[in-house]
Structures are given as structure tokens and as C-alpha cells.
Amino acid sequence: SITGACGGIQKLTRVRVVDNSTLGNTPYHRPPKCIHVYNKAGVGKVGDKILLAIKGEKKKALIVGQKMPGPTMTPKFDSNNVVLIEDNGNPVGTRIKTPIPYILRQREGEFSKVLAIARNFV
Amino acid sequence: VCRLSSDEKPGKFQPPPKPVIIDKLKQIEERRFLSPEFIPPRGRMDPLKFFIERKDMIQRRKVFNIPEFYVGHILAVTTADLYAKDKVNRFVGICIQRGGKGLGATFVLRNVIEDQGVEICYELYNPRIQAIEVLKLEKRLDDNLMYLRDALPEYSTFDVNMKPETRLDHEEIPVNKLQVRMKPKPWSKRWERPRYNIKGIKFELPEKVMKEAQKWSQPWLEFDMLREYDTSKIEEKIWKEVNEELKK
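Treat the numbers as computed from the prediction; the structure is a model and nothing was measured.

Quick notes on the overall build of chain B
Counting its regular elements, chain B contains three helices and seven strands. The order of helices and strands in chain B, counted from the N terminus, is α-β-β-β-β-β-β-β-α-α. Computed over the C-alpha atoms, the radius of gyration of chain B is 24 Å, more than 25% above the 18 Å expected from 2.2 N^0.38 for a compact globule of 248 residues. Referenced to the eigenvectors of the C-alpha coordinate spread, the extents of chain B come out at roughly 90 × 50 × 45 Å. When each of the 248 residues of chain B is scored for burial, the buried share is 36%. In chain B, 65% of the contacts between residues at least 6 apart in sequence involve partners at least 24 apart. Side-chain charges of chain B comprise 48 positive and 40 negative groups, with the mean position of each set lying 2 Å from the other.

What follows is the structure in C-alpha cells.
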């Protein structure tokens, strides 16, 4: 990626879609960008939902990894990773290859389906 | 030769005593390693604070063994994690940097898993850490390997199931003089500049760029007397103190 580390994921951050959905993986001349963060503060951390603009469509997504360092003992990734999600919380893709932090397991109720597709945990 | 005891009955087999060879020509010097977080930073703080901190650090070291390691070693850390499988989380990575002093000493481990670079900053004295194993012993040319983020991912990938390497001697740790190849610019920091003083990168940049970078060199810094901090005497004192406490 080109930009340096930011304080989280906010409006207009370029983001990397990490699951194997067609929407996320088909090439497009513009990278997927965040348009809204579902948070009181406009900055999203790991485990927050955001609205992405991909291929001219709006899609909700879940943040799974960020470049900004979090609390100690939590992993810091080299790119801002995101998993595409429907409105009811069902993931769009069927597999997630990249590692996902164990902290997401804390909210097992909301993210159980996403955690079920994940292969590696860090 | 069967050694009979005084009762004239064949007693238990006692092997002959092993010969002890003392090579007087070779003087074996024991290497001293004092972890860098013991050395108090330069300042006007009350030394009592550092003394109390050192006592706590030694207490923790008695309970849990923190091995000697430098930047460039490959470590495997197992932590207790409520939300992990079997409540235990194991991470393998190369130590990029060691920071902090006293109980807040940290070290950052980096690894590339499934084409995704992951870095975790661990605290040495955090009670959640269950075990630290040294998998590979090697020092690098620099103290700070942050440039691995801008290097090709092959230099940061390490096998998660690597077997631990045993130390041969209680003497030198091998220095790996690897010159790392970088991704094309732009990098997160301008590593070619002399303030970072990096010797472990193979700069494939044109000479013009390297000459431009030398414009920012500050050759007077190494002669600046106000920045001097001689730690040799402090280290000696702390080394004796720490060793005495650990033996108790």
C-alpha cells in the first residue's frame, strides 16, 4: 500500500478485502474505499462495521485487521483487512485465508458466522 | 574388574569416574549478558524507583525463565488468551526491536502468515506470557530491524513449526551478515539516510540518491559530549546485584 499508518479506519481509507467473494476479488479500476463507519467516533478499529464502496456498489463490511497498533499482545497487520458482510451479519464469501485476531472471539454472538469461515487465527 | 565390597559379595555396578580435562591454555571466559531493560535511562529520576523495579523484575525472573535474546533471534511465544483454542496462543516470529525500560520492557515479533505480515508487541514481564523459546540464534547487523516491513516478504517468513535450536557454547552468538533486498520505493521511512545507520540493506538505488541522502548526515553527533551516556560502571553494579538476587 502507498499511504502510511492512520489512527484506524475512517472515511475514504482504502481497504483490502480478505475473503474469497466475487465482489471483493474481481479487479476494478478503483480500490474499495470506506464511506461510513458505524461508530460514535468516526474511526473504526478491529471488530467495527463499516460501509464500503466496491465496484460502484455499497456493501457493509467488518474490520478484521488494521495497520494501527492496538492494545499490547494484539497483532498488528501490514494492511487494513476487511470481510464483506450482509446487513444481517452473514458473510458474503465462503473462506478467509488471512489470519484473524483472537479478540474477535469476544463478540462470538455477532460474528459467529464470520469466525466459522476463518481458517487461521493469530 | 569386578570390585567386591567388604562383604565379598558383588555389589551394584559402579562405573569408573569420568576423567575431568582442564585445558589451562584455553581460558574460558563466561559471557556476561545483562538484559537492556535493567539499565536505567539517563535522567534525574530517583534511583530508588529503579531499585524497586529491579527487585520486581528479578522476582518475576525467578518464577519464569526469560532467555537471553537479541534483535534478530527467532522466538516462539505462548500466551494465555481467553478467546483462543485451549486458552493458549502460540506465535513465532523474528524479534525486530526491543524497547522500554524496567517492567514495561517490550519486544516486537514479526512474521508473514499466508502473505499477510503480522507484528505483535509483547511485554517481557506480562504475567500472561506462559513460555518464551528461542528457535534460532543469530544476531543481525542492526539493532532495529524495522526495515523488514519494506523488504521483500521472503525475509520475514518463518516456519511456524520450526524446531528449537540448542546453543553450542556459552560463547559468541553468530552474526548473520545478510543484506536484505527491498521492495521498490516509497518506503515507510527513508532507510538510506545516515540517521538510521542501517548496514543490513542491499541498496540498489542509483548513486545520485545515495549521495543526496548523505546531505542529512550529522557527523558531529558522535563527538557530542552532552549526549554521552557511559553505562559500563552502572552495568557492572547492576550485574552483581542481579546475580546475587537470582542465586538466592
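Once the structure has been displayed, the description carries forward.
Remarks on helix α1 (residues 47-63) of chain B
Residues and elements named next belong to chain B. With 17 residues, α1 should cover 24 Å at 1.5 Å per step; its first-to-last C-alpha distance of 25 Å lies within 8% of that length. Along α1, the positions that sit buried rather than exposed are F50, E53, R54, M57, I58, R60 and R61. Angular distribution of buried residues about the axis of α1 spans 160°; they occupy a single face of the element.

Observations regarding the environment of W216 of chain B
Residue and element names in this part refer to chain B. Mapped onto the secondary structure, W216 falls in the loop between α2 (207-213) and α3 (232-247). Taking relative accessible area as the criterion, W216 reaches 43% and is therefore assigned partly exposed. Taking the C-alpha atoms as reference, W216 lies 20 Å from D142; in sequence the two are 74 residues apart. Not counting residues up to four positions away in its chain, the partners in contact with W216 are R193 and P194.

Let's talk about the sheet that holds strand β5 (residues 75-77) of chain A
Ordered by their spatial adjacency, six strands build an open sheet running β5(A)-β4(B)-β3(B)-β2(B)-β1(B)-β5(B), and the pairing between neighbours is antiparallel. Each edge of the open sheet is held by one strand with a lone partner, namely β5 of chain A together with β5 (129-136) of chain B. The sheet shows a mean angle of 35° between the axes of neighbouring strands, direction not considered.

A short note on a nonpolar patch on the surface
On the surface, L48, F51 and I52 of chain B cluster together into a nonpolar patch covering about 270 Å² of accessible area. By the element assignment, F51 of chain B lies in helix α1.

Describing the packing of aromatic side chains
Counting across every chain of the model gives seven aromatic pairs over all chains. Relative to F121 of chain A, the ring of Y102 of chain A has its centre 5.4 Å away and its plane inclined at 15°; by these criteria the two rings are stacked. Pair noted here: Y102 of chain A is in the loop between β6 (81-85) and α2 (108-117) and F121 of chain A is in the segment after α2, with a separation of 19 residues, a long-range link. For F121 of chain A, a relative accessible area of 21% puts it in the partly exposed group. By way of ring pairs, the aromatic residues F69, F107 and Y122 of chain B are connected into one cluster. Seen from the ring of Y70 of chain B, K139 of chain B lies directly overhead, with NZ or CZ sitting 4.3 Å from the centre.

Considering the interface of chain A and chain B
In this assembly, 18 residues from chain A lie in contact with 23 residues from chain B. Overall, the association of chain A and chain B removes approximately 1800 Å² of surface from exposure, summing both partners, and the carbon and sulfur fraction of that is 55%. Together, M73, D78 and Y102 of chain A form the three largest contributors to the area buried by chain A at its contact with chain B, with a combined 39%. Linking chain A with chain B are two salt bridges.

Focus: the sheet that holds strand β2 (residues 33-37) of chain A
Residue and element names in this part refer to chain A. Spatial strand order, β1-β6-β4-β3-β2: five strands in an open sheet with mixed pairing. In this open sheet, the two edge strands, each paired with only one partner strand, are β1 (16-17) and β2. As paired elements, strand β4 (residues 57-65) and β6 share five bridges and run antiparallel to each other. From the neighbouring strand, G65 faces β6, where its bridge partner is N81.

Describing the confidence of the model for chain B
Residue and element names in this part refer to chain B. Within chain B, residue pLDDT values average 87, and 92% of them lie at 70 or more. Here strand β7 (residues 175-176) stands out as the element of chain B with the lowest mean pLDDT, 89, in contrast to strand β3 (residues 106-113), whose mean of 94 is the highest. Interface scoring of the predicted complex returns ipTM 0.88; its pTM is 0.84.

A word on the pairing of strand β2 (residues 88-99) of chain B
Residue and element names in this part refer to chain B. Bridge count for strand β1 (residues 74-80) against β2 is seven bridges, and the pairing is antiparallel. Its bridge partner being in β2, T78 is matched across the sheet by R90. With five bridges joining them, β2 and β3 adopt antiparallel strand pairing. In the sheet register, Q97 faces β3, and the bridge partner there is V108. Taking the residues between adjacent antiparallel strands as the criterion, β2 and β3 are bridged by six residues, where G100 takes a positive phi near 80°.

The rules behind each value
Within each chain, residue numbers correspond to sequence positions counted from 1 in written order. Each chain is given a letter, starting from A, and each ligand a number, starting from 1, according to the order in which they appear as written. Only residues with pLDDT of 70 or above have their local features reported here, since the model is predicted, and side-chain atom pairs are shown and tallied only from 80 upward, although totals for entire chains, interfaces and linings are computed over all residues. Note that water and hydrogens are dropped before the side-chain values are worked out from all heavy atoms of the structure. In DSSP terms, a helix is any run of H or I states spanning at least four residues, a strand is any run of E spanning at least two, and both are numbered starting from the N terminus. Just to be clear, the radius of gyration here is over C-alpha atoms, and the globule rule we use is 2.2 Å times residues to the power 0.38. Each residue's exposure class comes from its accessible area (1.4 Å probe, protein chains only) as a fraction of the maximum for that residue type: buried when under 20%, exposed when over 50%, partly exposed otherwise. We call two residues in contact whenever any of their non-hydrogen atoms come within 4.5 Å of each other. When charges are counted, Lys and Arg are positive and Asp and Glu negative, with His and the chain ends excluded. The atom standing in for a charge is NZ when the residue is Lys, CZ when it is Arg, CG when it is Asp and CD when it is Glu. One less than the number of residues in a helix, times 1.5 Å, gives the span that helix is expected to have. The directions from the helix axis to the C-beta atoms form the arc being described. At least two DSSP bridges between two strands are needed for those strands to be called paired. Fitting a line to C-alpha atoms yields each axis, with helices limited to the stretch in contact; the angle taken between N-to-C directions then spans 0 to 180 degrees. Patches in this entry comprise residues that are over 30% relatively accessible and not in a salt bridge; like charges within 9 Å are linked, as are nonpolar side chains (Val, Leu, Ile, Met, Phe, Trp, Tyr) within 5 Å. Only the protein chains shown count as covering a residue, and every accessible area follows the Shrake-Rupley method with a 1.4 Å probe. Any carboxyl oxygen of Asp or Glu within 4 Å of a side-chain nitrogen of Lys or Arg constitutes a salt bridge here. We call Phe, Tyr and Trp rings a pair once their centres come within 6.5 Å, taking the six-membered ring for Trp, and we label the pair stacked below 30 degrees between planes, edge-to-face above 60, and tilted otherwise. Counted as over-ring charges are cases with an Arg CZ or a Lys NZ within 6 Å of the ring centre that also lie within 35 degrees of the ring normal. Buried area is a sum: the accessible area each of two parts loses on coming together, probed at 1.4 Å, counted once for each and added. Per-residue confidence from the predictor is reported as pLDDT, which spans 0 to 100.

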